[in-house]
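Results of the structural survey
Here are the chains, one letter per residue:
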Amino acid sequence: MSKSMKFQVLLCCSVFLFCGFSRYEKPKNTEGTVILKFNNLFNKEALDFEKAYTNAHGEKVKFTLLNYFISNIKLTKEDGSTYAVPQDSSYFLVKQSDPASKEITLNHIPSGKYSALTFTIGVDSLRNTMGIGSRTGALDVGATAKGMYWVWNSGYIFFKLEGTSPAAPEKQKNVFNYHIGGFGGYRSKTMNNIKTRTLAFKPVVVSNRKGPVIDINVEIDHFFDQVNPIKIAEKSSVMWGEFSTKISENYVSIFNLGNVSSK
Amino acid sequence: MTIKNNPKRLGVCLTISFGIWLVSCTLAGKETGPSGLFSVPEGFPEPVYNLAVNPVTEDGFQLGKKLFFDGRLSRDGTISCGECHNQAHSFTHHGHGFSHGIDGKEGFRNAQPIVNVAWQNSFFWDGGVFNLDLFAIAPIENPVEMDEKFPNVIEKLKKSEDYPKLFKKAFGTEEVTSERFLKALSQYMLSLVSANSRYDQYLAGKARLTETEMKGLALFKEKGCNTCHSGILFTDHSFRSNGLAAEYTGDLGRFRITENESDKNKFKVPTLRNIEVTYPYMHDGRFRNLEGVLEHYADGVQEVDNLDPALKKNPKPGIALTKEQQGQIIAFLKTLTDTEFLNNKRFSKF
């Protein structure tokens, strides 16, 4: 090996080592944290499974379950550029019964001034078609995603709301359940209820010292009347079919911006 | 110091490279299965299943087989996969129109055989599941089959005495995960390859068919049975309506998944391999024997919505077949019985 070759090898090695280490030594002031807080509300108050409510159609309701997937989170800077949270760490299951699940911490967000947040309510179609090895964490059908997956018609349930109401049929023990999913199908086209929501806000700073807490109010009272009237007396059990699209049109716009504060 | 002027170092390098080569060979050998755990039979196409992400290994196969025959996968420990998928009947539920599950409850469709699934691109009569690895969760969670929650199964196995050790053998650590569970079951099911029927032996020039069977084979092609039951797998994997009267169960088949009007009354074209032993027939098991099936095609096809064009070629819907011809076709269909597969001890519980 000639001297110049030896030098090249040495140079390559040092560059490699430098790159390797620099990944860990990268000064942290180029990134920060953003916290998303999902507040499930009814008539502007925190949703409570113990309480009885009345919906816009005068139907008395009590809730027993509320779960939804939040995924593919994207943040938009003031200048219009966007940062997408890496796919593999961008799936979350929010459960009313699990307070910890309602707070999503996004780390490694590049510093800057951000003015909008975009997220999917549900699970994108690509992930819905991936192999079992790509279904970990919130998407693990054998653990966290319990009850949020259709086994007979492969696909995740995006939004699940259950409860009881005198308006629901007696033979159903007055139970109502809305299980909404549908990613568009794999080999044949099927229903697509994937919904994306963008919330804009006054620019907030993300840095290693400052990070916003973005409150997202999920107004469950308007689940029943936001766009389409959903009367329990008429539709008390929806799990697939055309009407599920009407429901997804409703719930996408009950995710609204609450407080945005800096920590 | 360079390799060139240092023979000792060259020796070390070569030894290491040889070592790596040796290890990679052993690993590769293990993955593809030295004992022929899964291989593509002569004349079969490339599998649809991606074996690269889940190569069949001996330990994975054994774990999958144990899971397949384990009642712990069901709510009350009584129903295993093997309960409704019986080897002697090409892994289907023999003799039952609708398959029976937990508490003797009846399902609404006839259990399908598990054979040559590596070539199958969708599962169930309506094709609701598109990946073998996602298939097993359905019977586990079906309230009339095994009626268990999949996460509970994983928890039960985690706490069991035997499984963590077997997961370690198959996947390297004792961790029981949904991915490993499903992949092990897939490994077992992938191994259920049937390709040694008398017809296969005939194709290979190792056996002869009788005159009646030969006539049946000719009719099978001439009458267009192979339009749908095509190729070496005896299915084109499509969804079609074969003119069964829908009132029988009200089951609309593929429509249930796509909600597309043009999919009403369509069901997956099943393979005909081992058809002799997979009775009863059709998605609802309405025909108890092959004579009933052939009579249907000859005489019973209804003009239902979306009836397949292949059955509308004659003035009368269906396939024009005399009684004698029906018998000849049945004789041919029986040459698709693979006794080696049906009796292979490797696949059996004990």
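Residues numbered from 1 in each chain as written. Chains lettered and ligands numbered in written order. Predicted model: local features only at pLDDT ≥ 70, side-chain atom pairs only at ≥ 80, totals over all residues. Heavy atoms only, no water.

Here the focus is the environment of B:T235. All names here are of chain B. Relative to the helices and strands, T235 is located in the loop between α9 (211-222) and β1 (239-240). Each C-alpha atom, one on T235 and one on P270, is 6.0 Å from the other, the two residues being 35 residues apart in sequence. Those residues in contact with T235, other than ones at most four positions away along the chain, are C228, H229, S230, V269, P270 and T271. There is a polar contact of 2.9 Å between the side chain of T235 and the backbone nitrogen of H237. (Helix = DSSP H or I, 4+ residues; strand = E, 2+ residues; numbered from the N terminus. Contact = heavy atoms within 4.5 Å. Polar contact = N/O pair within 3.5 Å; in protein donor to acceptor, adjacent residues only side chain to side chain.)

This next bit is on the nonpolar core. In terms of nonpolar packing, the biggest core is built from 122 residues, with A:F38, A:F159, A:F255 and B:F181 touching the most fellow members. Element by element, the count of residues in this core is highest for strand β4 (residues 60-77) of chain A, at 8 residues. Each of domain 1 (58-193) and domain 2 (198-340) of chain B accounts for three or more of the residues forming this core. Excluding its chain neighbours within four sequence positions, the residues that come into contact with A:F159 are A:L66, A:N67, A:Y68, A:I121, A:M148, A:Y178, A:H179, A:I180, A:I220, A:F223, A:Y251 and A:F255. Membership of the second largest hydrophobic core comes to 29 residues, among which are B:Y281, B:F287, B:L290 and B:L294. (Core = buried A, V, L, I, M, F, W, Y, C linked by side-chain atoms within 4.5 Å. Buried < 20%, exposed > 50% of the residue type's maximum accessible area, 1.4 Å probe, protein only. Domains from an automatic or database assignment.)

Moving on, we get to the packing of aromatic side chains. All names here are of chain B. Applying the stated criterion to the full structure yields 42 aromatic pairs over all chains. The interplanar angle of 50 degrees and the centroid separation of 5.2 Å between the aromatic rings of F220 and F332 together place this pair among those described as tilted. Taken together, the positions of F220 in helix α9 and F332 in helix α12 (residues 323-333) put the pair 112 residues apart, joining distant regions of the chain. Residue placement shows R254 over the ring face of F239; its charged tip is 4.3 Å from the ring centre. (Phe/Tyr/Trp six-rings, centres within 6.5 Å; stacked < 30°, edge-to-face > 60°. Lys NZ or Arg CZ within 6 Å of the ring centre and 35° of its normal.)

Another point: empty space enclosed by the protein. Over the atoms rolls a probe the size of a water molecule, and in doing so it shows where empty space is left. The final tally for this structure, using the stated rule, is 2 cavities of 30 Å³ or more. Taken as a whole, the second largest cavity encloses approximately 50 Å³ of empty space. Taken together, A:V141, A:A145, A:K146, A:G147, A:M148, A:Y149, A:V151, B:I137, B:E141 and B:F150 make up the full set of residues lining the second largest cavity. For the lining of the second largest cavity, the per-class residue count stands at 7 nonpolar, 1 polar and 2 charged. (1 Å grid on protein atoms, 1.4 Å probe; cavity = no way out; pocket = protein on both sides within 12 Å on 5 of 7 lines; lining within 4 Å. Points joined across faces, edges and corners; volume = space filled by probe spheres on them. Nonpolar A, V, L, I, M, F, W, Y, C, P; charged D, E, K, R; others polar.)

Residue and element names in this part refer to chain B. If you check α9, its first and last C-alpha atoms are 16 Å apart, about what 12 residues at 1.5 Å a residue would give, namely 16 Å. What α9 keeps buried is the set E213, G216, L217, L219 and F220. What you see down the axis of α9 is that its buried residues fit within an arc of 165 degrees, all on one side. Residues of α9 that are exposed and angled more than 90 degrees away from the buried face: E211 and E222. Of the surrounding elements, those touching the buried residues of α9 are α8 (198-203) and α12. Note on α9: the residue one or two positions beyond its end, G224, has a positive phi of about 80 degrees. (Expected span 1.5 Å × (residues − 1). Arc of directions from axis to C-beta.)

So, on to the interface of chain B and chain A. Many analyses report the size of an interface as the accessible area lost when the parts associate. Taken together, the contacts link 27 residues of chain B with 28 residues of chain A. At the boundary of chain B with chain A, total buried surface from both sides reaches about 2200 Å², with 60% on carbon and sulfur atoms. The interface formed by chain B and chain A contains 0 salt bridges. In this structure, the connection of chain B to chain A is made through 7 residue pairs in polar contact (both at pLDDT 80 or more). Of all elements in the fold, only α4 (137-141), α5 (150-159), α7 (178-190) and α10 (255-258) of chain B reach the threshold of two or more residues within the side of chain B that touches chain A. Within the side of chain B that touches chain A, the residues separate by chemical class into 12 nonpolar, 7 polar and 8 charged. (Buried area = accessible area lost by both parts, 1.4 Å probe. Salt bridge = Lys/Arg side-chain N within 4 Å of Asp/Glu carboxyl O.)

So, about the side chain of A:N256. Residues and elements named next belong to chain A. Along the chain, N256 turns up in strand β15 (residues 255-262). With relative accessibility at 19%, the residue N256 sits in the buried group. Polar side-chain contacts of N256 include one of 2.5 Å to the side chain of R197. Here the side chain of N256 touches E219 through a polar contact of 3.2 Å, side chain to side chain. With sequence-adjacent residues up to four places away left out, N256 is seen in contact with R197, L199, D215, I216, N217 and E219.

Residue and element names in this part refer to chain A. Of all 5 residues in strand β6 (residues 91-95), 4 are buried; the element is thus mostly enclosed. Summarising the sheet, β4 and β6 pair through 5 bridges and their orientation is antiparallel. Bridging from a neighbouring strand, N67 pairs with K95 of β6. (Pairing = 2+ DSSP bridges.)

Moving on, we get to the confidence of the model for chain B. All names here are of chain B. Per-residue pLDDT for chain B has a mean of 88; in total, 87% of the residues score no lower than 70. Across residues 1-5, confidence stays below pLDDT 50; counting only partners more than four residues off in sequence or on other chains, it has 5 contacts. Within the model, pLDDT remains below 50 along residues 18-35, and this stretch shows 10 contacts once partners closer than five positions in the same chain are excluded. (pLDDT = per-residue confidence, 0-100.)

Right, let's get into the pattern of salt bridges. Residue and element names in this part refer to chain B. Here the structure, examined in full by the defined rule, presents 22 salt bridges over all chains. Here E58 and R346 are joined by a salt bridge, their closest N and O atoms 3.2 Å apart. A residue pair is termed long-range when its members are at least 10 positions apart, and E58 in helix α2 (residues 58-68) and R346 in the segment after α13 (339-343) qualify at 288 residues. Under the relative-accessibility criterion, E58 is labelled partly exposed at 30%. In this structure, D200 and R273 form a salt bridge, with 2.8 Å as the shortest nitrogen-oxygen distance. Taken together, the positions of D200 in helix α8 and R273 in the loop between β2 (267-268) and α11 (290-300) put the pair 73 residues apart, joining distant regions of the chain. What makes D200 buried here is its relative accessible area of 10%. With relative accessibility at 0%, the residue R273 sits in the buried group. By sharing partners, the salt bridges in this structure join K66, D70, R72 and D162 into a single network.

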